Amino acid sequence: MSDETTGSRAGAQASRRKRTDAQRNVDSLLDAAKTVFGTSGVDAPAKQITDLAGVGVGTLYRHFPQRSDLIKAVIEREIDACADAGPALAAEHEPLAALARWLDRLAALVATKRGFAAALHSGNPAYDGLSGYLMAKLGPPLGALLDTATAAGEIRAEVSPQDLIYAVAKLCAPMPDEEPDYARRMVALLVNGLRSGEVPR
C-alpha cells in the first residue's frame, strides 16, 4: 500500500472523528441548553450552558453564533423527537393508547415551548419558520396514528392532524392557579372525546 493511500485513509478517519466529536458537542449543548432554559430562562449566561455541557464557550458560539440559533435548534430538536416517537409508540401499543401517549408527548412539547414564549414572540425573524416546521414534522406521524386508530374503530374519523395539534396547543395554554399537570389532564379528556360512538347533537 502506498504512502499516499495510507495518508488518505488516515485523513478520512481523522475527518470522521472530527465530525463525530462535533456532533457530540452539539448534542451536549442542546441537552444543556434545554435544561438551563427550563430552569433559568432563555437569557441564562452562556457559561452556565457550556459548563453543564462540558465544553468551552468558544464551542458554543462556533456552532450557534446567535442566541436565537440555539433556541431554534433546541425547539426543532424537541419537535423532531416528538415526531420520531409516533412510529415507535404505534409499534408498542394499541392504536388508541399509542395516540394518547403521543398527544401527551405533544402536550409536554407545548409546555417546553412556553418557556421560550418571550423569545418566540420577540419579532426575531429567526423564529418565523418554526410553526411551519412543527406542522410539517408532526402532521404526518399524527396522521398515521389517527388513521390507524380510525381503521381500528377506536376513534371518530372527522378530526384532522391540524385540528388536533391546534386543540392541544389551546388546551395547554397557561391557566392561573392550576397545578402543573392540568394541561395533561385536559388532553386526556380530549382523547376520551375522540372515542368512537354517536356524535352528540
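Since this is a predicted model, take the numbers as computed values, not measurements.

Novice: Looking at this structure, how should I read the overall build of the protein?
Specialist: Tallying secondary structure elements over the protein gives nine helices and zero strands in all. Overall, the protein shows an N-to-C arrangement of helices and strands of α-α-α-α-α-α-α-α-α. Relative to its full complement of 201 residues, the protein shows a buried share of 32%. For the protein, long-range pairs separated by at least 24 residues make up 66% of all intrachain contacts whose partners lie at least 6 apart in sequence. About 11,600 Å² of surface is accessible on the protein, with carbon and sulfur atoms providing 52% of the total.

Novice: Help me out: how do you make sense of the environment of Leu 89 in this one?
Specialist: Take Leu 89: it is sitting in helix H4 (residues 67-92). Beyond its immediate stretch of four places on either side in the chain, Leu 89 contacts Ala 98, Arg 101 and Trp 102.

Novice: Would you take a moment to explain the packing of helix H7 (residues 130-151) against helix H8 (residues 161-171) for this structure?
Specialist: Relative placement of two packed helices is described by the angle separating their axes and the distance separating the axes. Close contact between H7 and H8 brings their axes to 9 Å; oriented N to C, the two are set at 110°. In terms of orientation, H7 and H8 fall into the roughly perpendicular class. As H7 runs across H8, the sense of the crossing is right-handed. Between H7 and H8, the contacting residues are Leu 134, Met 135, Leu 138, Gly 139, Leu 142, Gly 143 and Leu 146 on the first element and Pro 161, Gln 162, Leu 164, Ile 165 and Tyr 166 on the second.

Novice: I tried to follow H7 on my own but got confused; where do I start?
Specialist: At 3.6 residues per turn, the α-helix brings residues three or four places apart onto the same side. Compared with the 32 Å implied by 1.5 Å per residue over 22 residues, the 31 Å span of H7 between its first and last C-alpha is a close match. Its maximal kink placed at Gly 139, H7 deviates by approximately 35°, while the proline Pro 140 follows within four residues. The complete set of buried residues in H7 reads Leu 130, Leu 134, Leu 138, Gly 139, Pro 141, Leu 142, Gly 143, Leu 145, Leu 146 and Ala 149. Remark: Gly 153 follows H7 within two positions and exhibits a positive phi of approximately 75°.

Novice: Please clarify how the pattern of salt bridges should be interpreted in this entry.
Specialist: By the definition in use, this model includes six salt bridges. Across the salt bridge formed by Glu 78 and Lys 34, the nearest N and O atoms sit 3.1 Å from each other. Pair noted here: Glu 78 is in helix H4 and Lys 34 is in helix H1 (residues 3-40), with a separation of 44 residues, a long-range link. A salt bridge links Arg 184 to Asp 104, with the shortest nitrogen-to-oxygen separation between them at 2.5 Å. Of this pair, Arg 184 sits in helix H9 (residues 182-194) while Asp 104 sits in helix H5 (residues 95-114); the two residues are 80 residues apart in sequence, bridging distant segments of the chain. A residue is classified by how much of its surface remains accessible, and Arg 184, at 46% relative accessible area, is partly exposed. On the basis of relative accessibility, which here comes to 25%, the residue Asp 104 falls in the partly exposed class.

Cut-offs used in this document
Residues numbered from 1 in each chain as written. Predicted model: local features only at pLDDT ≥ 70, side-chain atom pairs only at ≥ 80, totals over all residues. Heavy atoms only, no water. Helix = DSSP H or I, 4+ residues; strand = E, 2+ residues; numbered from the N terminus. Buried < 20%, exposed > 50% of the residue type's maximum accessible area, 1.4 Å probe, protein only. Contact = heavy atoms within 4.5 Å. Areas by Shrake-Rupley, 256 points an atom, 1.4 Å probe, with all protein chains shown as cover. Axes fitted to C-alpha atoms, helices over the stretch in contact; angles between N-to-C directions. Parallel < 35°, antiparallel > 145°, perpendicular 65-115°, else oblique. Left-handed = near helix turned anticlockwise from the far one by under 90°. Expected span 1.5 Å × (residues − 1). Bend = angle between axes of the 7 residues up to and from the residue. Salt bridge = Lys/Arg side-chain N within 4 Å of Asp/Glu carboxyl O.

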